[in-house]
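Read off the chains here:
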Amino acid sequence: MAIHVLENYVSVEEYAKLCGKTRRAIMDRIKANGVSAIKVDGYYAINVIASPPVKHNHPSARETKSSVHVAHHELRCVITWCWGKRYRCYPFLRAIINGKIEGWLIGDEVFAKAEDLEAFRKKRD
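These lines cover the structure that appears in this document, whether it is placed above or below. (Residues numbered from 1 in each chain as written. Predicted model: local features only at pLDDT ≥ 70, side-chain atom pairs only at ≥ 80, totals over all residues. Heavy atoms only, no water.)

All right, on to the pattern of salt bridges then. The full count for this structure, using the stated rule, is 4 salt bridges. The salt bridge partner of Glu13 is Arg23, with a shortest N-O separation of 2.7 Å. Of this pair, Glu13 sits in helix α1 (residues 12-19) while Arg23 sits in helix α2 (residues 23-31); the two residues are 10 residues apart in sequence, bridging distant segments of the chain. With a relative accessible area of 37%, Glu13 lands in the partly exposed category. Where Arg24 meets Asp28, a salt bridge forms, and the shortest distance between an N and an O atom there is 3.3 Å. In this pair, Arg24 and Asp28 both sit in helix α2, 4 residues apart, roughly one turn of the helix. (Salt bridge = Lys/Arg side-chain N within 4 Å of Asp/Glu carboxyl O. Helix = DSSP H or I, 4+ residues; strand = E, 2+ residues; numbered from the N terminus. Buried < 20%, exposed > 50% of the residue type's maximum accessible area, 1.4 Å probe, protein only.)

Turning to α2, its buried residues are Ile26, Met27, Arg29 and Ile30. Buried residues in α2, looked at end-on, bunch into an arc of 155°, giving them a common side. Asn33 sits one or two residues past α2 and shows a positive phi near 60°. (Arc of directions from axis to C-beta.)

Two elements in contact, helix α3 (residues 78-85) and helix α4 (residues 90-97), have axes whose closest approach is 9 Å; the angle formed by their N-to-C orientations is 150°. Both α3 and α4 take part in a crossing whose hand is right-handed. Contact residues: α3 offers Val78, Ile79, Trp81 and Cys82, while α4 offers Phe92, Leu93 and Ile96. Classifying every residue of the contact of α3 with α4 gives 7 nonpolar, no polar and no charged. (Axes fitted to C-alpha atoms, helices over the stretch in contact; angles between N-to-C directions. Left-handed = near helix turned anticlockwise from the far one by under 90°. Contact = heavy atoms within 4.5 Å. Nonpolar A, V, L, I, M, F, W, Y, C, P; charged D, E, K, R; others polar.)

Shown next as structure tokens:
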């Protein structure tokens, strides 16, 4: 198992800093299909290659419309999943680092398959 890093994707907050805008302005761009983004387990990540950060994103300046698509239905944000189940997240993150669970790094968050997280939890108990 390995850690997959999606290098082209950044969080909404990071993209807002790169553009010199607020998080709300970037979320408005996402809703208006102005940037290419994915949504994984409620977390938005923006592709900086497909949508380079620009301060002004006027509709007349856009070459093509982008959209948000939901990717990887089976992935869960490890920290949020652990908090929801009232588990400490460190053993799960350590298992991803050590290669016991397959993980994805998208933007600022670590994701894993829900079934792998459950299997690791049952093995620990």
